[in-house]
Amino acid sequence: MKRGLRSLLPALLVSLALGLGFGCTNQNVQLNDARVPSEQRAKNQTLAATGVNVTSSRMMSTTAPIVTTAPSQSSRRYSTTDPRDDGCFVGISLSGGGSRSANFSAACMFQLQRLGVLQRVDYISSVSGGSLTGAYYCLFADDQWNPDTVERKLTHSFASDVIIQALLPWNWFALAFTDYDRSDMLASSFTQNLFRRNGRALTFSDLRPDRPRLLINATDLQSTRPFVFCDESFDELNSDLSRFPISYAVAASAAVPVVLHQVTLRDYSTIYRQYRHLVDGGINDNLGINTLVETFEAQSASAIQAGLPDPYPNGAVIIAVDARTQFDAHLDDKGDIGVFAGVAADASLTTTALLNRVSSATLAELIVRYSPDEVTARDLRKQIDVLNSEGFIRMRDRLGHHVTVVHLPLSRVGELSNLPSKSFFQRLNDIATYFNITEIEAASLYTAADLLMKEKYETRLKEVAAELNGYRDASQAGSAGGAR
């Protein structure tokens, strides 16, 4: 017995050392010495930037330099012509929903790429499972962005990795006596299977300049306000975003309270020890759409305030990919679902119901908040009804911009006329809000995206792509004329 314990002792000590070394309270590092006056501090300059102030629960416009979609010098290394140079704000929001959302988001993005829309996107705003896909797209080149590779990577059983690691006896010590927790384990799985290159964990400095800007959403546990992983938020913390691991941002965005531990950031803006504790971004906005709209509105208002030209004279296109489902079809054929299945079902039901309500409220709020003051309540209700029933509206915002909103919900697949089988929609609803998914389930999500796009959205999205092409051609013609 003693010999057995002695043989386990080295492994236990190594595990404890790993917990102490890698399970630190926070993963972020300091940007400036806290004694440097705030006005003299260096600022973050990653490709996760909103260009607006994020100190309050809603983004406020500032007179700071405007972040536009004009190509940077670094982006010209990849192409001589930036397809996003069209004077139109184009954003995609990717909803929460675990691996179901990750795969449905990828499937919809491939459809948007086929139609020529994805190439025009300026910003991706993501929550939870959608952050896996958004981050992967913004980190890797086209040779790694294809359905076979992406589906293989996003069907990895991340949740099983966490469970297995938590059950290993030598990890009990780290979990009990250090700050190492389940969110660290999930982030580690994300790093090992998605966000790693040449043996190094990828950080925000690895975001590609030829991809959209990435905005990953979480929730501040203390204030309950949205927290966006962007330059502006990390400037407030006096923390270096370029060195922060992408996997921990995604884990924070997916950290459902109780199920996962909060992800902690150190606030280096003061000499005193202060922290921010972050949980699932879906608590505030499971679609991630508010971050897009507030960025667009604040940048436009900031330009007006500073006497600068409107950065988006051609308005905005907002596309919301929504992976929420309606019910759990697994339960109707079971008399007693058992303790573990019951706990899992309760957790899934609670999460799904909460996020569905948040998503529905967010879409309605989007229309009400940003419509001109003279729009009547009847017109507002009509716009909300059209968006809910058709998934597509054109409207004007308070500054007079033309705004197109496209809602791509998985729940609309049940309305389609050409489903592969009568039980197909039920099988989609079987896919839990969880970071495990089977290859068959993922394949069904790809099929659903293809059918949904072709029957409900393709004609209108082709029109949107043609409009964006026209804006780009006009912009380039104007630039060429000015150069002469």
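Residues numbered from 1 in each chain as written. Predicted model: local features only at pLDDT ≥ 70, side-chain atom pairs only at ≥ 80, totals over all residues. Heavy atoms only, no water.

S.K.: Lay out the side chain of Arg211 with the relevant residues and their values.
M.R.: Considering the arrangement of structural elements, one finds Arg211 in the loop between β4 (200-201) and β5 (213-220). What makes Arg211 buried here is its relative accessible area of 7%. A distance of 2.8 Å separates a polar side-chain atom of Arg211 from the backbone oxygen of Tyr137. Only 2.9 Å separates the side chain of Arg211 from the backbone oxygen of Phe140, close enough to count as a polar contact. (Helix = DSSP H or I, 4+ residues; strand = E, 2+ residues; numbered from the N terminus. Buried < 20%, exposed > 50% of the residue type's maximum accessible area, 1.4 Å probe, protein only. Polar contact = N/O pair within 3.5 Å; in protein donor to acceptor, adjacent residues only side chain to side chain.)

S.K.: How would you sum up helix α5 (residues 158-167)? Please name residues and give values.
M.R.: Turning to α5, its buried residues are Phe158, Ala159 and Val162. Angular distribution of buried residues about the axis of α5 spans 105°; they occupy a single face of the element. On its buried face, α5 is in contact with α2 (98-114), α3 (129-139), α4 (147-154) and α7 (182-193). (Arc of directions from axis to C-beta. Contact = heavy atoms within 4.5 Å.)

S.K.: Break down the confidence of the model for the protein for me, citing the residues and quoting the values.
M.R.: Residue-level pLDDT values for the protein average 83, and 79% of them are 70 or greater. Considering only residues more than four positions removed or in separate chains, one finds that residues 54-81, a stretch of pLDDT under 50, has 65 contacts. (pLDDT = per-residue confidence, 0-100.)

S.K.: Tell me what's going on with unusual backbone geometry, and back it up with residues and numbers.
M.R.: Residue Ser128 is not a glycine yet carries a positive backbone phi of 50°. With respect to the helices and strands, Ser128 occurs in the loop between β2 (123-127) and α3. Here Ser128 falls in the buried class, since its relative accessible area comes to 6%. In this model, Asn198 sits at a positive phi of 55°, which is unusual for a non-glycine residue. Its location among the elements puts Asn198 in the loop between β3 (196-197) and β4. With relative accessibility at 80%, the residue Asn198 sits in the exposed group.

S.K.: Run through the nonpolar core, naming residues and quoting values.
M.R.: Judged by nonpolar contacts, the single largest core of 92 residues is most densely connected at Leu132, Phe195, Phe204 and Phe229. Among the elements that make up this core, the one with the highest residue count is helix α15 (residues 439-483) (13 residues). For Phe229, the residues in contact, after removing those within four places along its chain, are Ala48, Phe204, Leu214, Leu215, Ile216, Ala218, Phe234, Phe244, Ala249, Ala252, Leu265 and Leu278. Core analysis: the next-biggest nonpolar cluster, separate from the first, contains 25 residues, Ile289, Leu363, Leu387 and Met395 among them. (Core = buried A, V, L, I, M, F, W, Y, C linked by side-chain atoms within 4.5 Å.)

S.K.: Could you give an account of the packing of aromatic side chains, with specific residues and numbers?
M.R.: Under the criterion given, the structure shown has 16 aromatic pairs. Judged by centre distance (5.4 Å) and plane angle (45°), the ring pair of Phe89 and Phe296 falls under tilted. In this pair, Phe89 is assigned in strand β1 (residues 89-94) and Phe296 in helix α11 (residues 289-305), connecting sequence segments 207 residues apart. For the pair formed by Phe89 and Phe296, the shared burial category is buried. Ring centres of Phe204 and Phe229 lie 6.4 Å apart, and the angle between their planes is 10°; on these two criteria the pair is classed as stacked. Of this pair, Phe204 sits in the loop between β4 and β5 while Phe229 sits in strand β6 (residues 226-229), and the two are 25 residues apart along the sequence. (Phe/Tyr/Trp six-rings, centres within 6.5 Å; stacked < 30°, edge-to-face > 60°.)

S.K.: Quick rundown of the pattern of salt bridges? Include the residues and the values.
M.R.: According to the stated counting rule, one finds 16 salt bridges in the structure shown. Where Arg114 meets Glu458, a salt bridge forms, and the shortest distance between an N and an O atom there is 2.9 Å. Of the two residues, Arg114 sits in helix α2 while Glu458 sits in helix α15, which places them 344 residues apart along the sequence. For Glu458, a relative accessible area of 14% corresponds to the buried category. Here Arg276 ties to Asp220 by a salt bridge, and the two come within 3.8 Å at their closest N and O atoms. On the criterion of sequence distance, the pair formed by Arg276 in strand β8 (residues 274-280) and Asp220 in strand β5 is long-range, its members being 56 residues apart. Under the relative-accessibility criterion, Arg276 is labelled partly exposed at 23%. (Salt bridge = Lys/Arg side-chain N within 4 Å of Asp/Glu carboxyl O.)

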